[in-house]
Every structure is written in C-alpha cells, then in structure tokens.
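Observations on the three-dimensional arrangement
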Amino acid sequence: MASAEELKKLNVARRICKVQLTMFGKFIENLDLDNGLSSTEMNQLVERFNKLDTIFDKFEVAQSELELHVTDLDEEVNEQAKFEGRFYSLKAEEVSNANESVPSSPLAGVKLLVISLPTFSGDYKQWLSFRDTYVSLIHNNGSLNQIQKFHYLRASLQGVASQVLKTLEFTDNNYDVAWTTLSERYNNTRVLVDMHLKALCEIESVDRESAHKLRNLINNIGKNLRTLSTLGQKTEQWSVLIAYLVSTKLDRVTERQWKEAKGNQKEVSSWESLREFLKNRADMLAAIEHRRSDTKPERSTGFKHNRATAKTFVGSDLKCVVCKANHLLVNCQNFLAMPPSERFNKAKQLKLCLNCLKLGHFGYDCRAKHYTKCTTKHHTLVHFESNRG
C-alpha cells in the first residue's frame with residue numbers, strides 16, 4: 001500500500017485543483033457581464049480559461065492514484081463526478097462568454113474555434129465520453145443558437161464520424177436532425193457492449209514486473225467495467241470471471257505470487273481480492289523502483305566523470321576512438337592492422353575496458369562476457385602470450 005505520506009500528497013494535490021476550480025468559479029461570478037468586460041478583464045478571463053484543462057489533467061492524475069488505494073471506491077467516484085460537473089459547467093461558461101464576445105450574426109459561431117472542443121472520430125469506445133462532454137458543453141447550452149451548435153458539432157467530428165453528416169445542409173433547422181442522426185448511429189447499446197467486452201478480453205498483457213503496467217491494467221479493467229455497468233450490464237456478477245481473465249494477463253512472477261497468496265483456499269478468487277493484491281504489488285514495485293533510482297552505486301574508476309561524460313560514452317559507442325569513423329573499434333582496419341601487443345597498449349592508452357574495448361568503465365566493472373579463452377579477463381584482439389590483463 002502507499003505510505004501515509006504519499007496519500008497525503010495526493011490528497012493535497014487534489015484539494016489544490018478543487019480550490020483552483022472554485023476560485024475560477026468565483027471570478028466568473030464577480031464579472032459584470034451585462035455591462036461588458038474591460039480589455040484587462042477579458043485578458044484575465046482568457047488566461048484563466050486556458051488553464052482549465054491543465055487543472056483538470058492534474059486532478060485526473062491525483063484522483064486515479066487515490067482510487068488505487070481506497071476501500072470505498074463509490075465515494076471516490078462521487079468525488080470525481082462532482083469535480084467533473086463543476087469543470088464542465090465552467091467550460092460551458094467559456095463557450096457562452098466566447099459567444100457573447102463576438103458580433104451577433106447567424107454564423108458568429110465560426111469564430112469560436114479557439115474553444116477546446118471534445119472530438120470524436122467514430123470509435124465506439126469513445127462515444128459515451130464524447131457524448132456526455134458535448135451535451136454538457138454545447139448541446140444543452142442555452143446561450144448558443146442552432147447554427148452555432150451545428151458549427152460546433154461539425155468541428156468536433158473527425159474521420160468516419162464526420163461522414164455521417166456530410167449530406168446534411170448547414171442550416172439552422174438541420175442541427176436537431178444532425179444530432180439525432182449521429183446519436184442513432186452511435187447510441188447502439190449492443191455494439192457498445194460488444195466493443196467494451198472485446199476491450200476487456202483483449203486487454204494488454206503485463207510482460208514484466210512493472211508498477212506502471214499493473215496500474216494501467218487495473219485502471220483499464222475498471223474503466224471498461226464502469227462503462228458496461230452504465231450500459232445496463234450487471235458487472236457486479238462478473239467478479240470471478242474478471243479475476244480469471246486478469247490472472248491470465250499477469251507476468252510470470254506476479255502470477256506465481258498471486259497463486260502463493262491464495263495458498264490452499266478452496267473458495268474461488270474474486271476480482272476485488274485480485275485487484276487489492278495487484279494494488280499492493282504495484283505499490284511495492286513502485287517503492288523498489290524509486291529506491292533503485294535514488295541509490296544507484298557509483299564505483300571509483302580512477303578518473304572523474306559526470307553525467308555529460310557518461311552521455312559522451314554512450315554516444316561514442318559507434319564512433320571509433322582510433323580513426324574517428326562510424327564503426328566499432330573491433331571493426332577498425334587501422335586497429336586490426338596493429339600487432340596484438342600494440343593493440344593492448346593502445347587500448348590502455350585510450351583508457352578502454354580491456355574486456356569489451358569500450359569507454360566508460362574498466363575490466364573489473366565490465367558485465368560483458370569474456371572475449372578470450374584464457375583465464376585473464378581481456379578481449380581476444382588484445383591477447384598475446386606475455387599478456388597479464
């Protein structure tokens with residue numbers, strides 16, 4: 001599990017986002033929109049609107065992490081729903097204020113392309129998210145007329161989805177026809193359920209031990225299950241099936257530890273118990289990964305080198321240190337033309353590892369295999385009878 005300090009930081013990050021959203025809402029409320037805005041107020045309004053999406057993204061990151069460490073998931077879902085409701089309400093204000101800031105004309109909406117719109121390209125898995133966002137921002141926005149809404153709808157559609165409305169004339173009366181046509185095409189419960197079931201069955205396997213991959217697995221399973229529940233499926237009855245499905249997607253080490261954790265229990269495993277196990281394992285792996293990144297050992301090599309030098313070593317692997325051409329030293333004709341003893345001395349002069357003939361370390365630090373049959377650790381190209389390594 002995450003430490004108390006980590007959970008505290010996540011809660012603080014989420015609280016900051018909520019406070020920023022509340023302050024923005026108060027700023028909007030205090031504006032005298034009836035008498036128009038000064039240039040300073042308008043500039044402030046634009047800048048604040050530009051930061052809205054950033055606030056939302058930060059909230060999503062903190063919220064997703066917190067959901068991995070709580071027992072009452074319903075409370076967290078309600079927390080996210082409240083924040084999203086407030087966020088989309090303010091985004092709707094963005095549309096409204098942008099509309100009021102341009103001259104009144106039947107095609108005034110064409111000037112509103114600067115607004116961040118949701119986009120939809122025809123992927124059924126993205127439809128519900130697009131639909132709910134678009135309805136909140138545009139469709140239910142009373143400050144927009146029909147032709148402006150139609151403009152926003154067309155600007156939001158891409159790919160095959162845009163082809164659905166291609167034959168409709170761009171007129172005031174056709175907006176309702178356009179929205180109904182699009183909804184009838186993609187509000188297909190059978191297809192939506194099939195798509196999300198397919199996404200569950202084809203969820204990406206975890207090929208190695210990784211906190212990031214395990215958390216992605218948990219989040220993707222949860223996202224598809226919540227969507228299927230919204231579509232009327234009784235996902236709470238699928239617990240055993242989901243547990244089995246997810247267990248087949250785990251890396252070998254995690255799968256073995258899951259089996260060991262179950263021990264000799266005769267009860268079938270539930271998704272809830274497996275999810276809790278994976279959360280704890282992801283936390284442990286994250287802690288190990290963090291500790292490794294903070295405590296990488298540094299060995300003394302007889303010369304000082306910083307990160308810039310290390311980067312030079314990496315970048316110079318394919319640059320010959322003898323003739324400066326773009327090939328490995330072992331392929332250098334100038335180097336190969338030297339007698340073995342001279343190659344040995346040249347390698348020492350250039351401070352190369354005598355085992356792999358590369359810069360950046362010496363023989364006793366080299367992890368490469370031995371390149372000679374004798375007992376001394378050095379490369380075949382620098383081997384000669386009186387060699388002492």
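Keep in mind that what you see is a predicted model, and the values were worked out from it rather than measured.

1. As for the overall build of the protein chain
Along the protein chain, the regular secondary structure elements total 15 helices and 0 strands. Expressed as a percentage of contacts within the protein chain between residues at least 6 apart in sequence, the contacts between residues at least 24 apart total 62%. As presented, the protein chain carries roughly 23600 Å² of accessible surface, and 49% of it is formed by carbon and sulfur atoms.

2. Some remarks on the nonpolar core
One finds Trp 127, Leu 153, Leu 182, Ile 221, Val 246 and Leu 278 to be the most contacted residues of the largest nonpolar core, which totals 49 residues. Looking at this core, the elements that each hand over two or more residues are helix H4 (124-139), helix H5 (146-156), helix H7 (174-186), helix H8 (189-201), helix H9 (211-230), helix H10 (239-247) and helix H12 (271-294). In contact with Leu 153, not counting residues within four places along its chain, are Tyr 134, Leu 165, Tyr 175, Ala 178, Trp 179 and Leu 182. Counting residues in hydrophobic clusters, the runner-up holds 16 residues, among them Leu 21, Ile 28, Phe 56 and Leu 90.

3. Let's talk about H9
The end-to-end C-alpha separation of H9 is 29 Å, in line with the 28 Å expected for 20 residues at 1.5 Å each. Considered for burial, the residues of H9 that qualify are Ala 211, Leu 214, Arg 215, Leu 217, Ile 218, Ile 221, Gly 222, Asn 224, Leu 225, Thr 227 and Leu 228. Looking at the residues trailing H9, positive phi occurs at Gly 232, about 95 degrees.

4. Considerations on the environment of Asn 187
Here Asn 187 shows up in the loop between H7 and H8. The sequence separation of Asn 187 and Tyr 124 amounts to 63 residues, and the corresponding C-alpha distance is 8.9 Å. Polar side-chain contacts of Asn 187 include one of 3.1 Å to the side chain of Arg 131.

Calculation criteria
Residues numbered from 1 in each chain as written. Predicted model: local features only at pLDDT ≥ 70, side-chain atom pairs only at ≥ 80, totals over all residues. Heavy atoms only, no water. Helix = DSSP H or I, 4+ residues; strand = E, 2+ residues; numbered from the N terminus. Contact = heavy atoms within 4.5 Å. Areas by Shrake-Rupley, 256 points an atom, 1.4 Å probe, with all protein chains shown as cover. Core = buried A, V, L, I, M, F, W, Y, C linked by side-chain atoms within 4.5 Å. Buried < 20%, exposed > 50% of the residue type's maximum accessible area, 1.4 Å probe, protein only. Expected span 1.5 Å × (residues − 1). Polar contact = N/O pair within 3.5 Å; in protein donor to acceptor, adjacent residues only side chain to side chain.

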